[in-house]
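# Inside the fold
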Amino acid sequence: MSATTAEGAKGKGRGLAGLQRFGRSLMLPIAALPAAGLLGRLGADDVLGKDGADWGKFAEVLAAAGNGLFNWLPLLFAVGIAVGFARKGDGSTGVAAVVGFVVFNSVVQVFAPINKMEGFKEGWYLQPIKWPYSVLAGVVVGLVTAVLWQKYHRIKLPPFLAFFGGRRFVPIINSLALIVLGVIFGLLFKYVDAGLHNVGEAVTGSPIVGGGIYGFLNRLLIPIGLHQLINVPVWFIFDGGDLTNFAHGVPGSGAFMTGFFPIFMFALPAAALAIWQTAHPSQKKVVGSVMVAAAFTAFLTGVTEPIEFAFMFVAWPLYLIHAVLTGISLALVNWLGIHLGFNFSGGAIDFALYAGSPAATKVWLLIPIGLAYAVIYYVLFRFVITKWNLKTPGREEQIEADLEATAAK
């Protein structure tokens, strides 16, 4: 291998590692969504906030807490990405991100005053705050803060300025950098905003095709940890964000979430059953205990990684089938006009919580679709595993070799 080729491979490796680190950092702010969704949903008018209900201010408090988190989602992304992306980031990184976010958004609004904070009145928390650039602003601030923190958090200043050295210097340099970026982003806002709107229209304008492609890529990118790179634009940026729009009851939202419910609640648990049933007889008890627990977790909460990681590497053809079928599920539900969203994942908890949401439509159809998907997954997984002798849990070569050796004795 030539030096040029080796250097190129190293560069690609560093680039992928950086994208993976960025993807992981996005999980920090996203982790706040279950709390936001639960609180906001419980305080909604069709749950505890009905007129004349005995809950009174209690429902309003819940709605304020949940919707307040959604309103400040760009700030959560700024802090979460800064702390998560910066190597060995600490509390000072978060402080620098808050300072940077305030500076950046304030400067942008000098040129793009789309939000005069008129929402800050009684009941402001019930209406979404239209921050310039929305979550994109938080992403920009978070990345800039992380980079500057890594470069300057140990800086040494002259003795008479020593107090402002080290970590204390980061908010200062961050403010200066984000003033400059705020001016640039402010001047470019109308063009970038129009571009984002056009991209959002292209993505959301054809939910059948767009949803299908998104669902396929969403699953396909999980093995390398880059799925959040497409989740964040679709759920929080393009056309106001599909997840954010559904949380605020916007009709037609949920196009990039609904199709996950049949997969997470029914299809993957059926795949887990197929993996269990195709395990070697001596391993069925062990594999069964793991797969049953993973299947229940996927059904209830929508957390599917314990099942997917059981076959995504050792039986990659199954994972490609899974990605394709997920894309078809998203395309299918959009074709049928079904709309449902979530704030954590597409499990039974979110299903029960949001089935009565103002933006939800034809939710009952997800049950027969999910059951049909369960049959398809079970039959396909069982056939492919046995036909191609894939080494899913309980079918590893070492287990077979040990059994053959025992039989030979």
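Just so you know, the residues in each chain are numbered from 1, in the order the chain's sequence is written. Reporting of local features is limited, given that this is a predicted model, to residues whose pLDDT is at least 70; pairs of side-chain atoms are given and counted only at 80 or more, and all residues count toward the totals for whole chains, interfaces and linings. To obtain the side-chain values, all non-hydrogen atoms of the structure were included, while hydrogens and water were left out.

In the nomenclature of an unreviewed UniProt entry, the protein is known as PTS transporter subunit EIIC of Amycolatopsis minnesotensis. The heading Subcellular location (unreviewed entry) in the UniProt record of the protein holds the text "Cell membrane". UniProt positions are given in the numbering used here, feature names are shortened, and annotations may be inferred rather than shown by experiment.

## With respect to the overall build of the protein
Here a strand is any run of E in DSSP of at least two residues, a helix any run of H or I of at least four, and the numbering for each starts at the N terminus. If you tally the helices and strands in the protein, you get 17 helices and 0 strands. Looking at the protein alone, contacts between residues at least 24 apart form 73% of all its contacts between residues at least 6 apart. Residue burial considers only the protein chains on display, and all accessible areas are found by Shrake-Rupley using a 1.4 Å probe. For the protein, the exposed area adds up to about 19,500 Å²; of that, 70% sits on carbon and sulfur atoms. Note on contacts: a residue pair is in contact if any heavy atoms of the two residues lie within 4.5 Å.

## Let's talk about the pattern of salt bridges
Opposite charge on two side chains permits them to pair, given that their charged atoms come into close proximity. Salt-bridge detection follows one rule: a side-chain nitrogen of Lys or Arg within 4 Å of a carboxyl oxygen of Asp or Glu. With the rule as written, the count across this model stands at 1 salt bridge. For arginine 219, the salt bridge goes to glutamate 308, with nearest N and O atoms at 2.7 Å. In this pair, arginine 219 sits in helix 8 (residues 207-220) while glutamate 308 sits in helix 13 (residues 305-308), placing the two residues 89 residues apart along the sequence. To sort residues, take the accessible area from a 1.4 Å probe on protein chains only and compare it with the maximum for the residue type: under 20% means buried, over 50% means exposed, and anything in between is partly exposed. Given the relative accessible area of 0%, glutamate 308 is considered buried.

## Examining the packing of aromatic side chains
Working definition: rings of Phe, Tyr and Trp (its six-membered ring) pair if their centres are within 6.5 Å, and the pair is stacked with planes under 30 degrees apart, edge-to-face with planes over 60 apart, and tilted otherwise. For the structure on display, the rule yields 22 aromatic pairs. Between tyrosine 214 and phenylalanine 256, the ring centres sit 5.6 Å apart and the planes meet at 80°, which makes this aromatic pair edge-to-face. With tyrosine 214 in helix 8 and phenylalanine 256 in the loop between helix 10 (242-247) and helix 11 (260-277), this residue pair connects regions lying 42 residues apart in the sequence. Between the aromatic rings of tyrosine 214 and phenylalanine 260, the centroid separation amounts to 6.1 Å while the plane-to-plane angle is 80°, which identifies the pairing as edge-to-face. Remark: phenylalanine 260 occurs in helix 11 and tyrosine 214 occurs in helix 8; sequence separation between them is 46 residues. The same class applies to tyrosine 214 as to phenylalanine 260, namely buried. Ring pairing ties together the aromatic residues Phe77, Tyr214, Trp235, Phe236, Phe256, Phe260, Phe261, Phe264, Phe342 and Phe351, which thus form one cluster.

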